[in-house]
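Commentary on secondary and tertiary structure
Read off the chains here:
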Amino acid sequence: MPVWVQEYSWRQTDSAVYLSLPLRGVRVTPANIFCTDQYLKVSIPPFLFEAIFYAPIDDTNSTAKIGNGIIFFTLYKKEVAMWDSLTLANANKEKLQYLRENAVLKAHEKAKEETEAKKVTKQEHKKYALEATMKLEEAERKRIEDLKEKERQKVTKELDLWQNQQKDAEKQKRVQKEGELHQEVEQLKEKKKEKMNKTRIPNEGTSKTMLKSTKGHGSYSMFSEHLKEEQLPAPRSAATIKVNFTSRVFPTALRESRITEEEEWLRKQAEARRTVSADLSELEDLKEEEKNPDWLKDKGNKMFATGNYLAAVNAYNLAVWLNNKLPLLYLNRAACHLKLRNLHKAIEDSSKVSRIMKQLSRLILKIKL
């Protein structure tokens, strides 16, 4: 059972009520106080104080000070007037219960409104913070773009200046080259003039001599005399020219051939001839039945059945060397490699089988067509 606190003191003015509630020996916190506009409850087990006010108060501006075992309430009235008593007099239990429940409902609604208001305020704060962040980011982006534009303009100016310098340097070089060419042309002209002057002097002497000679011999002209002095070159000697053609394996002309492909084909042919010549010496020691691919295939099948996979691979290898167009040989050898865990070689033999089968199918289609 709670202990009802009956000792308290209060005083009032036209606008406020001052209530002093002594609670010694207990620790009071704001959580122990519940107050609405017409209801006050202080619950500190085992003590309990409850008051339904004579008139409504302003619970938002009212205050409570806790200290020295006393709770001092300052309650502001909603209407300026003097109260006849602190609590409502002559109220039955039903009315008191209704007032308590109404106060609790009002407190819940008020708390809900405050929570929603806090939520709205929080959302507004978030929105404001987001807008402020976006503005700051936009300002920073604009600042970076301005810096980039300034750097771009600076680099463009430097590039234009460098290009102008290069053009000026090329222009100076061109002018210098033109000057040098002009000097060389002038020098060549001078040398030509000197040669012409040198050649003119002996021509004048010869003309005088020719004139003198015409005076002595009336029947000869100066042209006939000049022809006598000139010596005609000897005729060219006859000879034969031998033309040697480059020896080629292919009948086409060298200018119409593909040299790289021809060299690759010749290299492969040479390797095949070397392989055949090397393997012929090994075949000389074999018996006649051992040179038969079918006999070697059957022998490899028997060794595979007994579990001697290495000997079966050797038999299939020799059979493939003798006849590389039988897909069953590659298929059986792939099975041996699979047993020996030589997966790469098994894949190679299986791929060879698929290629041979594709070639055979194309050949059959051609024959049918």
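Residues numbered from 1 in each chain as written. Predicted model: local features only at pLDDT ≥ 70, side-chain atom pairs only at ≥ 80, totals over all residues. Heavy atoms only, no water.

What about the overall build of the protein chain?
Helix and strand counts for the protein chain stand at seven helices and eight strands. With 369 residues in all, the protein chain has 17% of them scored as buried. In the protein chain, the share of contacts with a sequence separation of at least 24, taken over all contacts with a separation of at least 6, comes to 51%. As presented, the protein chain carries roughly 30,400 Å² of accessible surface, and 55% of it is formed by carbon and sulfur atoms. (Helix = DSSP H or I, 4+ residues; strand = E, 2+ residues; numbered from the N terminus. Buried < 20%, exposed > 50% of the residue type's maximum accessible area, 1.4 Å probe, protein only. Contact = heavy atoms within 4.5 Å. Areas by Shrake-Rupley, 256 points an atom, 1.4 Å probe, with all protein chains shown as cover.)

Digging into the sheet that holds strand β8 (residues 70–77)
Strands in a sheet are paired, the pairing made by backbone hydrogen bonds, and the direction either parallel or antiparallel. The four strands are arranged β2-β3-β8-β7 in an open sheet whose pairing can be described as antiparallel. The open sheet has two edge strands, β2 (9–12) and β7 (57–67), and neither has a second partner. Between one strand axis and the next, the sheet turns by 15° as a mean value, whatever way the strands run. Across four bridges, the pairing between β2 and strand β3 (residues 16–22) is antiparallel. Bridge pairing in β3 places Arg11 opposite Tyr18. (Pairing = 2+ DSSP bridges. Axes fitted to C-alpha atoms, helices over the stretch in contact; angles between N-to-C directions.)

Regarding the pattern of salt bridges
Per the stated rule, a full pass over the model turns up eight salt bridges. The salt bridge partner of Asp349 is Arg333, with a shortest N-O separation of 2.9 Å. One end of the pair, Asp349, is in helix α7 (residues 343–368); the other, Arg333, is in helix α6 (residues 327–339), with 16 residues separating them in the sequence. The class for Asp349 is buried, based on a relative accessible area of 6%. A relative accessible area of 13% means that Arg333 is categorised as buried. (Salt bridge = Lys/Arg side-chain N within 4 Å of Asp/Glu carboxyl O.)

A look at the packing of helix α5 (residues 309–322) against α6
Look at α5 against α6: their axes get within 9 Å of each other, and the N-to-C directions meet at 155°. With respect to α6, the element α5 is oriented roughly antiparallel. Seen from above, α5 lies across α6 with left-handed handedness. Residue-level contacts link Tyr309, Ala312, Val313, Tyr316, Asn317, Ala319 and Val320 of α5 to Leu329, Tyr330, Asn332, Arg333, Cys336, His337 and Lys339 of α6. Here the residues of the contact of α5 with α6 are counted per class, giving nine nonpolar, three polar and two charged. (Parallel < 35°, antiparallel > 145°, perpendicular 65-115°, else oblique. Left-handed = near helix turned anticlockwise from the far one by under 90°. Nonpolar A, V, L, I, M, F, W, Y, C, P; charged D, E, K, R; others polar.)

Concerning the packing of aromatic side chains
This structure, assessed with the given rule, holds six aromatic pairs. Consider the rings of Tyr18 and Phe72, whose centres lie 6.3 Å apart with planes at 15°: the pair is stacked. Placement of Tyr18 in strand β3 and of Phe72 in strand β8 is noted, with a sequence separation of 54 residues between them. Above the ring of Tyr18, the side-chain terminus of Arg11 is found at 4.5 Å from the ring centroid. (Phe/Tyr/Trp six-rings, centres within 6.5 Å; stacked < 30°, edge-to-face > 60°. Lys NZ or Arg CZ within 6 Å of the ring centre and 35° of its normal.)

So, unusual backbone geometry
Both trends apply: most residues other than glycine have a negative phi, and most peptide bonds are in trans. Unusually for a residue other than glycine, Arg341 sits at a positive phi of about 65°. Within the element layout of this structure, Arg341 appears in the loop between α6 and α7.

Some thoughts on α6
The periodicity of an α-helix, 3.6 residues per turn, causes residues three or four positions apart to be oriented the same way. Helix length check: α6, at 13 residues, gives a terminal C-alpha distance of 19 Å against a target of 18 Å (1.5 Å per residue), a fit within 8%. Turning to α6, its buried residues number three or more, namely Pro327, Leu329, Tyr330, Asn332, Arg333, Ala334, Cys336 and His337. Among the structural elements, α4 (293–306), α5 and α7 are those in contact with the buried residues of α6. Just downstream of α6, Arg341 is the residue with a positive phi angle, here 65°. (Expected span 1.5 Å × (residues − 1).)

Considering the nonpolar core
Side chains of a nonpolar character, in soluble globular proteins, are inclined to be buried together. If you look at the biggest cluster of nonpolar residues, it comprises 19 residues, and the most contacted ones within it are Leu21, Leu23, Val42, Phe49, Phe53, Phe73 and Trp83. Contributions of two or more residues to this core are made by β3, β5 (39–44), β6 (47–52) and β8. Here Val42 is in contact with Leu21, Leu23, Asn32, Ile33, Phe47, Leu48, Phe49, Ile71 and Phe73, once residues within four sequence places are set aside. The next biggest cluster of nonpolar side chains, apart from the first, holds 13 residues, and it includes Met303, Ala311, Val320 and Cys336. (Core = buried A, V, L, I, M, F, W, Y, C linked by side-chain atoms within 4.5 Å.)

A few points about the pairing of β8
Pairing of β3 with β8, which is carried by seven bridges, proceeds in the antiparallel orientation. Across the sheet, Pro22 pairs through a bridge with Ile70, a residue of β8. Two elements, β7 and β8, share seven bridges in a ladder whose sense is antiparallel. From the neighbouring strand, Gly67 faces β8, where its bridge partner is Ile70. Linking two consecutive strands that pair antiparallel, namely β7 and β8, is a turn of two residues; a positive phi of about 60° is found at Asn68 within it.

Concerning the sheet that holds β5
One open sheet accounts for four strands, arranged β1-β6-β5-β4; its pairing is mixed. Strands at the two margins of the open sheet, each flanked by one partner only, are β1 (3–4) and β4 (33–35).

What about the side chain of Gln12?
As for its placement among the helices and strands, Gln12 is situated in strand β2. Here the side chain of Gln12 touches Lys77 through a polar contact of 2.7 Å, side chain to side chain. For Gln12, the side chain forms a polar contact with the main-chain oxygen of Trp83, separated by 2.8 Å. Discounting chain neighbours no more than four positions away, the residues touching Gln12 are Val17, Lys77, Ala81, Met82 and Trp83. (Polar contact = N/O pair within 3.5 Å; in protein donor to acceptor, adjacent residues only side chain to side chain.)

Observations regarding a nonpolar patch on the surface
Together, Met357, Leu360 and Ile364 make up an exposed nonpolar region whose accessible area comes to about 260 Å². By secondary structure assignment, the location of Ile364 is in helix α7. Take Ile364: its relative accessible area is 45%, and that puts it in the partly exposed class. (Patch = residues over 30% accessible without salt bridge, like charges linked within 9 Å, V, L, I, M, F, W, Y side chains within 5 Å.)

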